[in-house]
Amino acid sequence: MEEAMSSEQSAQSELVGGLAISQLVGREDHDRDRGGAEETGLKRRLWVETKKLWHLVGPTILSRICTATFAVVTQAFAGHLGDVELASISIVNTVILGFCFGLVTGMSSALDTLCGQAFGAKSYHMLGIHLQRSCIVLLLCCCLLLPVYIFTTPVLKLLGQPHDVAVQSGLVAVWSIPQHMSFAFVLPAFKFLQAQLKPGVFAWVSMGTLGVHVAISWLFMYKFRFGVVGIAVALDVSWWIMVVGMFGYVLCGGCPETWTGFSVNAFSGLWDFFKLSAASGVMICLENWYYRILVLMTGNLKNSTLALDALLVCMNVNAWEMMIPISFFAAIGVRVANELGAGNGKGAKFATKVSVGQSLSIGILFSLLIILFNHKLAMIFSSSHDVIQAVGKLSYLLALTILFNSVQPVLSGVAVGSGWQSWVAYINIGCYYLIGIPVGLLLGRVFNFGVKGIWGGMIFGTAVQTTILAIITILCDWEKEAQKAVLRVKHLSSPNPDDDQLING
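A brief structural summary. Every value quoted in this text rests on a predicted model; they were computed, and no experiment measured them.

Regarding empty space enclosed by the protein
Part 1 of the reasoning: Taken as a whole and judged by the stated rule, the model has one cavity of 30 Å³ or more.
Part 2 of the reasoning: The calculated volume of the largest cavity comes to roughly 40 Å³.
Part 3 of the reasoning: L114, Q117, A118, H130, R488, V489, L492 and S493 are the residues that line the largest cavity.
Part 4 of the reasoning: Of the residues that constitute the lining of the largest cavity, the class distribution is four nonpolar, three polar and one charged.

Side note on the packing of aromatic side chains
Part 1 of the reasoning: The tally for this structure, following the rule as stated, stands at 21 aromatic pairs.
Part 2 of the reasoning: Summarising the aromatic geometry, the rings of Y290 and Y433 are spaced 6.0 Å apart at their centres and angled 65° between planes, so their arrangement reads as edge-to-face. Of the two residues, Y290 is situated in helix α11 (residues 270–299) and Y433 in helix α16 (residues 421–446); the sequence distance between them amounts to 143 residues.
Part 3 of the reasoning: Of the aromatic side chains, those joined through ring pairs into one cluster are F70, F101, F183 and W239.
Part 4 of the reasoning: Just above the ring of F350 sits the side chain of R45; from NZ or CZ to the centre is 4.0 Å.

Comments concerning helix α3 (residues 110–120)
Part 1 of the reasoning: Judged by how many residues are buried, α3 sits mostly within the fold: 11 of 11 residues are covered.
Part 2 of the reasoning: When α3 is considered as a whole, its buried residues turn out to be A110, L111, D112, T113, L114, C115, G116, Q117, A118, F119 and G120.
Part 3 of the reasoning: Residue K122 follows α3 closely and has a positive phi angle near 60°.

Quick word on the layout of surface pockets
Part 1 of the reasoning: Roughly 230 Å³ of internal volume is contained in the second largest pocket.
Part 2 of the reasoning: Lining the second largest pocket are 13 residues, and of these Q132, C135, I136, F185 and F262 sit closest to its centre.
Part 3 of the reasoning: Of all the secondary-structure elements, those providing two or more residues to the lining of the second largest pocket are α4 (125–144) and β1 (262–263).
Part 4 of the reasoning: Among the elements that make up the lining of the second largest pocket, the one with the highest residue count is α4 (five residues).
Part 5 of the reasoning: Looking at the lining of the second largest pocket residue by residue, the class counts come to 11 nonpolar, two polar and no charged.

Description of α16
Part 1 of the reasoning: Its 26 residues place the ends of α16 35 Å apart at the C-alpha level, agreeing with the 38 Å of an ideal helix rising 1.5 Å per residue.
Part 2 of the reasoning: Maximal helix bending in α16 amounts to about 30°, located at G436; proline P438 follows within four positions.
Part 3 of the reasoning: Residues Q421, V424, A425, I427, N428, C431, Y432, G436, I437, G440 and G444 constitute the buried set of α16.
Part 4 of the reasoning: Taken from the residues just after α16, N448 is the one with a positive phi, measuring 60°.

Overview of the pattern of salt bridges
Part 1 of the reasoning: Applying the stated rule across the entire model yields five salt bridges.
Part 2 of the reasoning: With a closest N to O distance of 3.6 Å, E481 and K484 form a salt bridge. With a gap of three residues between them, E481 and K484 both fall in helix α18 (residues 478–492), about one helical turn apart.
Part 3 of the reasoning: Judged by its relative accessible area of 9%, E481 falls in the buried class.
Part 4 of the reasoning: Classification of K484 as partly exposed rests on a relative accessible area of 38%.
Part 5 of the reasoning: Ionic contacts of the salt-bridge type, sharing partners, join the residues E49, R335 and E339 into one network.

A closer look at a positive patch on the surface
Part 1 of the reasoning: Together, R45, K346, K349 and K353 give the surface a local cluster of positive charge.
Part 2 of the reasoning: Its place among the elements puts K353 in helix α13 (residues 345–372).

Describing the packing of helix α2 (residues 83–108) against helix α10 (residues 227–254)
Part 1 of the reasoning: The geometry of α2 relative to α10 is characterised by a closest axis approach of 10 Å and an angle of 30° between their N-to-C directions. In terms of orientation, α2 lies roughly parallel with respect to α10. The element α2 and its partner α10 pack so that their crossing is right-handed. Where α2 abuts α10, its residues E85, S88, I89, N93 and F101 lie against V228, I231, L235 and W239.
Part 2 of the reasoning: The class makeup of the residues in the contact of α2 with α10 is six nonpolar, two polar and one charged.

Looking at the state of the cysteines
Part 1 of the reasoning: Enumeration according to the criterion identifies zero disulfides in this entry.
Part 2 of the reasoning: Unpaired in this structure, C142 has its nearest cysteine sulfur neighbour in C141, at a distance of 5.7 Å.
Part 3 of the reasoning: Among the residues examined, C142 registers a relative accessible area of 0% and is labelled buried.
Part 4 of the reasoning: We note that C285 lacks a disulfide partner, and the nearest cysteine sulfur, in C141, lies 8.8 Å from it.
Part 5 of the reasoning: Looking at C285, the relative accessible area reads 2%, which means it is buried.

The rules behind these values
Residues numbered from 1 in each chain as written. Predicted model: local features only at pLDDT ≥ 70, side-chain atom pairs only at ≥ 80, totals over all residues. Heavy atoms only, no water. 1 Å grid on protein atoms, 1.4 Å probe; cavity = no way out; pocket = protein on both sides within 12 Å on 5 of 7 lines; lining within 4 Å. Points joined across faces, edges and corners; volume = space filled by probe spheres on them. Nonpolar A, V, L, I, M, F, W, Y, C, P; charged D, E, K, R; others polar. Phe/Tyr/Trp six-rings, centres within 6.5 Å; stacked < 30°, edge-to-face > 60°. Helix = DSSP H or I, 4+ residues; strand = E, 2+ residues; numbered from the N terminus. Lys NZ or Arg CZ within 6 Å of the ring centre and 35° of its normal. Buried < 20%, exposed > 50% of the residue type's maximum accessible area, 1.4 Å probe, protein only. Expected span 1.5 Å × (residues − 1). Bend = angle between axes of the 7 residues up to and from the residue. Salt bridge = Lys/Arg side-chain N within 4 Å of Asp/Glu carboxyl O. Patch = residues over 30% accessible without salt bridge, like charges linked within 9 Å, V, L, I, M, F, W, Y side chains within 5 Å. Areas by Shrake-Rupley, 256 points an atom, 1.4 Å probe, with all protein chains shown as cover. Lys, Arg positive; Asp, Glu negative; His and termini not counted. Charge placed at Lys NZ, Arg CZ, Asp CG, Glu CD. Axes fitted to C-alpha atoms, helices over the stretch in contact; angles between N-to-C directions. Parallel < 35°, antiparallel > 145°, perpendicular 65-115°, else oblique. Left-handed = near helix turned anticlockwise from the far one by under 90°. Contact = heavy atoms within 4.5 Å. Disulfide = S-S within 2.5 Å.

Put into C-alpha cells, the structure is as follows:
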C-alpha cells in the first residue's frame, strides 16, 4: 500500500513538474513570439515611414537642384559677355534675389504648418484657401521689397562697388523684377502641392523648365543678341513658366479635393496668417543669413584673399550638400504637420525620429568623405596649390558644419510642422547673433585665429541652437501638440465649405 501511495505521489510530482516546465517553456515561447512581433512591427513602421519621407525628400532634392541650376546657367552665359556683365548678374542673383527669395521662402513656410495640418485633419477645402491667402500676403511683401531692385545702383555705389558694375547691376535688377514677383506664386504653389504629398509635380515642372531655360538663354544671347538684359529676361520667363505649369495643374483638376475655386474666405483671417508668415520668414532668414555673414567677416581680415578663396570653396561644397538636409527640412515639416493635424502625436514623434536618424546618417557619411579627401576637395574649383592646402586645413570645420547641419534643419522642419516658428526665431537670434558671431569675432580677431576662429565660433552658435531645439523636441508633449493642431485647423477653417462664396469655381 505504501509503495503504491509513494508511486502515485511521485507520478503526481512528475505531472506537476511537467506542467510547470511546459508553462515556463510556453511563456518563453510567447515572450519570444511577442518580441519578434514587436521587432517585425517596428521594422514595418520604419519602412512605411521611410517611404513616406523619401516620397517627399527625393522630388524636393531634384527640384532644388534644377532651380539652383537656373542661376548657374545664367551666370555661365553672362561670363561670355564680359567681366562686368558676369559681376552684375552674380551680384543680382546672389545678393539681391538671394535676399528676397530667402525672405519670401521663409514666409511661404507658414503653408507647411497650415496646409500640412489641414490635410492631416482632412479639412481639404482649407488648403486652397490657405494657398490664396499666402499668395495675397506674399504679393504684398514682394511689392514692399521693390525698392531693393529700384535703388540697387545707388546702394552698390554707397557700398563701394565700381561705377560700371553698380550701373550694370541696377539695370539687371530692374529687369529681374518679374522674376521677383513670381516668387509670390511659385513658392505657395510648391508648398500647397507638397502638403498633399505631390512634390513630384514641382520636380517635373522644374526639370522641364530647366531645358526651356537653356534654350531661351541661348536664343536671347546668340540669336537676338539682347545681351545681359536678354539673360535676365530669360530667367524671368523661366520662373513664370513654372508658375503657369503648377497653377495649370491645380486649376485644371489636378487637386479636385483641395482646390474648390477662388473664394472670398481667402481675404478673412489674413492678419493671423500674416503673423505666422512673418514669424516663418524671420526664422528662415536668420538661418540663411548666418553663414553669409561668415564670408563678410572673413573679407575684412588682413591678407584675406587666400582665406576668402578657401572659404568660398568650402561654402560651395556646403551649399551642394545642404540641398539634402534642406529637403529633409521641407519633408519633415509636412510629415509632422500631417500627423498633428490628424491628431496623431505619436506618429509625429516617430516621423521626427526617423527623419533625424536618416539625415544624421547621411551627414556623417559626407563628413567622413570630406575628412578622407580633404586635400583633394579644392581641385574641383581651383588648381592653385595654396588654395588646395588652405581648403585642406579648413576641411575639418567644413565636416563639423555638415554634421551639425544634418540635424539642425530637420529640427527646424519639426518646428515649422508644429507651428513653433516664433520660438525658433528668438532661439536663432540668441544662438546665432548673440553667441555665435561674438564668439567667432573673439576667436578670429582678438585671439588671432583668423577664419578658423570666426568659423569655429559660428559652429559653436549652431551647436547651441541644435542642442536647444533637440531638448525642446525630446521634452515635447506630442499629444498636446496634436490637440493644438486640431484646434488651429478648426480656428482657421471656414464654417462650412459648402457655404463658401466662390468667385470662380
